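A look at the structure
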Amino acid sequence: MRILLTNDDGIHAEGLAALERIARTLSDDVWIVAPETDQSGLAHSLSLSEPLRLRKISDKHFALRGTPTDCVIMGIKQVMDVKPDLVLSGVNSGSNVADDVTYSGTIAGAIEGTMQGVRSFALSQAYFHQDGARTVPWEVCEAHAPALLEKLMSLELPEGTFLNLNFPNCRPEEVEGVDVTAQGKLAFNLQVDARADGRGFPYYWLRFGERAGAFVEGTDIHALKHRKISVTPLKLDLTDYSVRDRVARALSSTE
């Protein structure tokens, strides 16, 4: 099995090293094309206004000055001579649940793999944050991901569907199991932090405030709260079929 790895935290991220160790439990044929720098929050964006600079680090390890989406495209269409059997994106430092999936470059790596016709999974690890310090228990995903991926590899997925895996913030032995989940709902409370530079000109940072969520049973955020691994099937088709007919009726009634 040939596996392509990418992420959004960058080529030197600890989570990417963890993902490579996970992937090597499944295959010896592992390739990495990851962003040169942190690309968190860029979602499924493409670099169209500037060139992509590819740097070979070592055998089958490449850094790209571009987004996670760029990395998957370059990996499949330029770097590898044969299309991979699996794309793994992550392991992200921090969970990608609920509304996070619309912002996440980690999710975007799996989206692009799916669009390229390759089975794709996104992996993210929840962490503990206190007093400005981040503690990420990478040992959780490393302990549980190999067996989980092996099971999921045998699963037949519909075209245009990929899996989003999130690992809870606890010790490996404290994981309470695996839940197959739906997306939850988080209130992000994004704020704009206005500042001034050394010459007095204004600039701004987007900043997360306190997050609030409805921890409804069956959702990804509920699973993580209860120390369970969350596996959420996501699909590329964003059509709201439940509303489509109503929209058609509303438009036909105005003619």
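Residues numbered from 1 in each chain as written. Predicted model: local features only at pLDDT ≥ 70, side-chain atom pairs only at ≥ 80, totals over all residues. Heavy atoms only, no water.

1. Structural notes on the sheet that holds strand β6 (residues 119–125)
To be explicit about the condition: Paired strands, as defined in this entry, are two strands with at least two bridges between them according to DSSP. Segments assigned H or I by DSSP are reported as helices when at least four residues long, segments assigned E as strands when at least two residues long, and all are numbered from the N terminus. For helices, the fitted line uses only the C-alpha atoms of the stretch in contact; every axis is such a line through C-alpha atoms, and the angle between N-to-C directions lies from 0 to 180 degrees. It only takes one pair of heavy atoms within 4.5 Å for two residues to be counted as in contact.
Strand order in this open sheet of nine strands is β3-β4-β2-β1-β5-β6-β9-β15-β10, and the pairing throughout is mixed. Across the chains shown, the open sheet's two edge strands, defined by having one partner strand only, are β3 (53–58) and β10 (178–180). The sheet shows a mean angle of 20° between the axes of neighbouring strands, taken without regard to direction. Pairing of strand β5 (residues 86–93) with β6, which is carried by six bridges, proceeds in the parallel orientation. Counted as the bridge partner of L88 is F121 from β6. On the sheet, helix α2 (residues 68–79) packs against β1 (2–6), β2 (29–35), β3, β4 (61–65) and β5 and is oriented at approximately 135° with respect to β2. Across the sheet, helix α3 (residues 105–115) touches β1, β5, β6 and β9 (161–167), and the angle it forms with β6 is around 170°.

2. Points about the nonpolar core
Threshold: Here, nonpolar core means buried Ala, Val, Leu, Ile, Met, Phe, Trp, Tyr and Cys residues that are tied together by side-chain atoms lying within 4.5 Å of each other. In this scheme, a residue with accessible area under 20% of its type's maximum is buried, one over 50% is exposed, and one in between is partly exposed, where area comes from a 1.4 Å probe on protein chains only.
In terms of nonpolar packing, the biggest core is built from 32 residues, with L5, L88, F121, L123, L149, L165 and F167 touching the most fellow members. With seven residues, helix α4 (residues 138–153) is the single largest residue contributor to this core. Those residues in contact with L149 that sit more than four places away from it in its chain are I22, L26, L88, F121, L123 and L165. Counting residues in each nonpolar core, the second largest holds 13 residues, with L64, I76, M80 and V118 among its members.

3. Let's talk about the UniProt feature "binding site: a divalent metal cation" (unreviewed entry) in the protein
For the record, the criterion: UniProt positions are given in the numbering used here, feature names are shortened, and annotations may be inferred rather than shown by experiment. The definition of a polar contact used here is a pair of N or O atoms within 3.5 Å, where within protein one atom must be able to donate a hydrogen and the other to accept one, and adjacent residues in sequence count solely through side-chain atom pairs.
The UniProt record annotates "binding site: a divalent metal cation" (unreviewed entry) at D8, D9, S40 and N92. For the residues just named, distributed over 85 residues, the greatest C-alpha separation is only 9.2 Å, placing them together at one site. Setting aside residues no more than four positions away along its own chain, D9 makes contact with D38, S40, V91, N92 and S93. A distance of 3.2 Å separates a polar atom in the side chain of D9 from a polar atom in the side chain of S40. Note on placement: N92 falls in strand β5.

4. Remarks on the pairing of strand β12 (residues 190–196)
Relative to strand β13 (residues 202–208), β12 runs antiparallel, the two sharing seven bridges. The residue of β13 that forms the bridge with L190 is F208. Counting the residues that bridge the hairpin from β12 to β13 gives five residues, and of these G200 lies at a positive phi of roughly 90°.

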